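The residues making up each chain are set out below.
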Amino acid sequence: MTVTASAPVADQAPATEQAPALRIGPIELDVPVVLAPMAGITNTAFRRLCREYGAGLYVSEMITSRALVERNAITMRLIQHHESETPRSIQLYGVDPATIAEAVRIIVAEDRADHIDLNFGCPVPKVTRKGGGAALPWKLGLFTDIVDRAVKAAGDVPLTVKMRKGINDDHLTFIDAGRAAEDVGAAAVALHARTASQYYSGHADWNAIGKLKQAVTSIPVLGNGDIWSADDAVRMLAETGADGVVVGRGCLGRPWLFGELATALGPSDAPAAPRVDATLQFVAAAFRRHAELLVDFFEDEDRGCKDVRKHVSWYFKGYPVGGELRSALTKASTLQEIDDLLGTLGDAPYPGIGAEGQRGRAGSPKRTALPEGWLDSREIGEGVSDMMRGAEIENDGG
């Protein structure tokens, strides 16, 4: 049995707050919303699914600059976009200014993106212990050099920066980094309002977003962290003065969140996206569509159906779907198997708070792994550059 999607209107609409259009270089977004890069999640299939529900800028999985320059086959596949995707956005990660600049030049010369973002937010120990990710802005000169060279290589393609508050509360970098990015021509900066040591735990510090907005005045400032609903996005913009929001874990298993954001933040004269009544049947249809798009992306039914397995718990969070069926969905290898399993579901209303709030693993605060003596100076010492190149490996995004 194939479940088909529909979007009935619910009894209550989310709070609305028409936000000004977001301009990132030549790109103008009527809805000031950006999909955050998430490793293993924001591939073409997920980006297409989110677009089907809403509007905004949808960024690729994080791409390692060295792998792109070396034309790694998997990397070259990940930077491809479906013909329906516009504007096209790619996020790059790296620690070497020359390598990042060369990766940017390749993207621009081969017309592979309309927007490029640089990631300085990764808190993963295997990256930060080599001085990469969220650790890198501590070395302000290196950070500035990377962004400067990347902006120059990008030319007319807007280049933006995504970062965290800093390494920990005693070593904050976001104000200095934001101003440096602004000075060398970045088109916007986005702040995940946690430190690297927080990982994804606790609450995002929205006050830091407001402080960055006050410090960086000539380019847009975007806020990221703890946006689980359209109401959260409205509140963040109102409390911080940010120019837009970046949504990460809040859309896991809820791609229709972008439709709710479009209604809450989009132009008042735009056709409103229907308010989703996320019944169990509606969610099942979204899950099935996701699986279908993954099969299309991988060009392999078995691989696509295996990849969607990680999304099962997110889609059905709070719904009366038994453990046996959930387990079966994580073992399905064909779309027909998924159809047969979803066909055994009845319907159920949206469960409310049971389906809301945090999604994905939050973890707990931890000491950030750093190179020896990293915090002693904000300058790069001799021999450190060679060590840092070890950070240019495949890793999770920030």
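The structure we're discussing is the one just above.
Student: Report on the side chain of Ser 201, specifying residues and quantitative values.
Tutor: As for its placement among the helices and strands, Ser 201 is situated in the loop between β10 (188-192) and α8 (206-215). Only 2.6 Å separates the side chain of Ser 201 from the backbone oxygen of Gln 198, close enough to count as a polar contact. Discounting chain neighbours no more than four positions away, the residues touching Ser 201 are Arg 194, Ala 362, Gly 363, Ser 364 and Pro 365.

Student: Help me get a handle on the side chain of Arg 254, residues and values and all.
Tutor: By secondary structure assignment, the location of Arg 254 is in the loop between β12 (244-247) and α10 (257-265). When neighbours within four sequence positions are excluded, Arg 254 is seen to be in contact with Trp 228, Glu 260, Tyr 350, Ala 355 and Arg 359.

Student: Go over the sheet that holds strand β4 (residues 57-64) with me, naming the residues and quoting the values.
Tutor: Either a parallel or an antiparallel arrangement is found when strands of a sheet pair, and the pairing is made through backbone hydrogen bonds. One closed barrel holds the eight strands; their spatial order is β3-β4-β5-β6-β7-β10-β11-β12, and the pairing between them is parallel. Each strand of the sheet is rotated relative to its neighbour by a mean of 25 degrees, with strand direction disregarded. Relative to strand β7 (residues 159-164), strand β6 (residues 115-120) runs parallel, the two sharing five bridges. Note on β7: the bridge partner recorded for Asp 117 is Thr 160. Of the strands in this sheet, β3 (33-35) and β4 touch helix α1 (residues 44-53), which is tilted by about 170 degrees from β4. Against the sheet, α8 touches β7, β10 and β11 (221-224), its axis set at about 170 degrees to β11.

Student: A description of the pattern of salt bridges should follow, citing residues and the corresponding values.
Tutor: Enumeration according to the criterion identifies 22 salt bridges in this entry. With a closest N to O distance of 2.1 Å, Arg 71 and Glu 110 form a salt bridge. Pair noted here: Arg 71 is in the loop between α2 (65-69) and α3 (73-78) and Glu 110 is in the loop between α4 (97-109) and β6, with a separation of 39 residues, a long-range link. Residue classification places Arg 71 among the partly exposed residues on the basis of a relative accessible area of 41%. Of the residues examined, Glu 110 reaches a relative accessible area of 34% and is grouped as partly exposed. As a salt-bridge pair, Asp 339 and Arg 288 come within 2.7 Å of each other at their nearest N and O atoms. A residue pair is termed long-range when its members are at least 10 positions apart, and Asp 339 in helix α15 (residues 335-342) and Arg 288 in helix α11 (residues 280-298) qualify at 51 residues.

Student: How would you sum up the packing of aromatic side chains? Please name residues and give values.
Tutor: A complete count under the given rule lists ten aromatic pairs for this structure. Between Phe 287 and Tyr 315, the ring centres sit 5.5 Å apart and the planes meet at 80 degrees, which makes this aromatic pair edge-to-face. In this pair, Phe 287 sits in helix α11 while Tyr 315 sits in helix α13 (residues 312-315), placing the two residues 28 residues apart along the sequence. Here Phe 287 matches Tyr 315 in class, with each residue buried. In textbook terms, an aromatic cluster arises when at least three aromatic residues are bridged by ring pairs, as seen for Tyr 53, Trp 256 and Phe 282. The positively charged end of Lys 139 is found above the aromatic ring belonging to Trp 374, 4.6 Å away from the centroid. Directly above the ring of Tyr 200 sits Arg 164, whose terminal nitrogen or CZ lies 4.9 Å from the centroid.

Student: Before we move on, can you summarise α11 with the specific residues and values?
Tutor: If you check α11, its first and last C-alpha atoms are 27 Å apart, about what 19 residues at 1.5 Å a residue would give, namely 27 Å. The element α11 is extensively covered by neighbouring structure, given that 15 of its 19 residues are classed as buried. Positive backbone phi, at 55 degrees, marks Glu 299, one or two positions downstream of α11.

Student: Can you tell me about the state of the cysteines, naming the residues and giving the values?
Tutor: All told, the structure shown has zero disulfides when counted by the stated rule. Cys 251 takes part in no disulfide bond, and the closest cysteine sulfur, belonging to Cys 50, lies 5.0 Å away.

Student: Lay out a negative patch on the surface with the relevant residues and their values.
Tutor: A contiguous patch of negative charge, built from Asp 300, Glu 301, Glu 337 and Asp 340, is present on the exposed surface. Looking at the element boundaries, Glu 301 is found in helix α12 (residues 301-307).

Student: Outline unusual backbone geometry, supporting the account with residue identities and numerical values.
Tutor: For the bond running from Thr 86 to Pro 87, omega is -5 degrees, close enough to zero to count as cis. Assignment of secondary structure puts Pro 87 in the loop between α3 and β5 (89-93). Of note, Arg 71 is a non-glycine position whose phi angle comes to about 55 degrees, a positive value.

Reading guide: rules and limits
Note that residues are indexed from 1 along each chain, following the sequence as it is written. Predicted model: local features are reported for residues with pLDDT of at least 70 only, side-chain atom pairs are reported and counted for 80 or more only, and whole-chain, interface and lining totals are derived from all residues. As a convention, hydrogens and water are excluded, and side-chain values are obtained from all of the structure's heavy atoms. Runs of E in the DSSP output that reach at least two residues are strands. Runs of H or I that reach at least four are helices, and both are numbered from the N terminus. Distance and chemistry together define a polar contact, namely a pair of N or O atoms within 3.5 Å, with one atom able to donate a hydrogen and the other to accept it when in protein, and with adjacent residues in sequence counting only for side-chain atoms on both sides. Note on definitions: a residue-residue contact is assigned when non-hydrogen atoms from the two residues lie within 4.5 Å. Being paired, for any two strands, means DSSP has found at least two bridges between them. Helix axes are fitted to C-alpha atoms over the stretch in contact, other axes to C-alpha atoms as well, and angles between N-to-C directions run from 0 to 180 degrees. Take a side-chain nitrogen of Lys or Arg and a carboxyl oxygen of Asp or Glu: if they are within 4 Å of each other, that pair is a salt bridge. Throughout this description, buried means an accessible area under 20% of the type-specific maximum (1.4 Å probe, protein chains only), exposed means over 50%, and partly exposed covers the range between. Two rings from Phe, Tyr or Trp (for Trp, the six-membered ring) form a pair when their centres sit within 6.5 Å of each other. Planes less than 30 degrees apart are called stacked, planes more than 60 degrees apart edge-to-face, and all others tilted. Note on criteria: charge over ring means Lys NZ or Arg CZ within 6 Å of the ring centre, with the direction from the centre no more than 35 degrees off the ring normal. Helix span, expected: 1.5 Å multiplied by one less than the number of residues in the helix. Note on terminology: disulfide denotes any pair of cysteine sulfur atoms within 2.5 Å. Here, patches come from residues exposed beyond 30% relative accessible area and free of salt bridges, joined within 9 Å for like charges and within 5 Å for nonpolar side chains (Val, Leu, Ile, Met, Phe, Trp, Tyr). We get accessible surface area from the Shrake-Rupley algorithm with a probe of 1.4 Å; when it comes to residues, only the shown protein chains can shield them. Positive charge is attributed to Lys and Arg, negative charge to Asp and Glu, and no charge count is given to His or to the chain ends. For charged residues, the charge sits on one atom: NZ in Lys, CZ in Arg, CG in Asp, CD in Glu.

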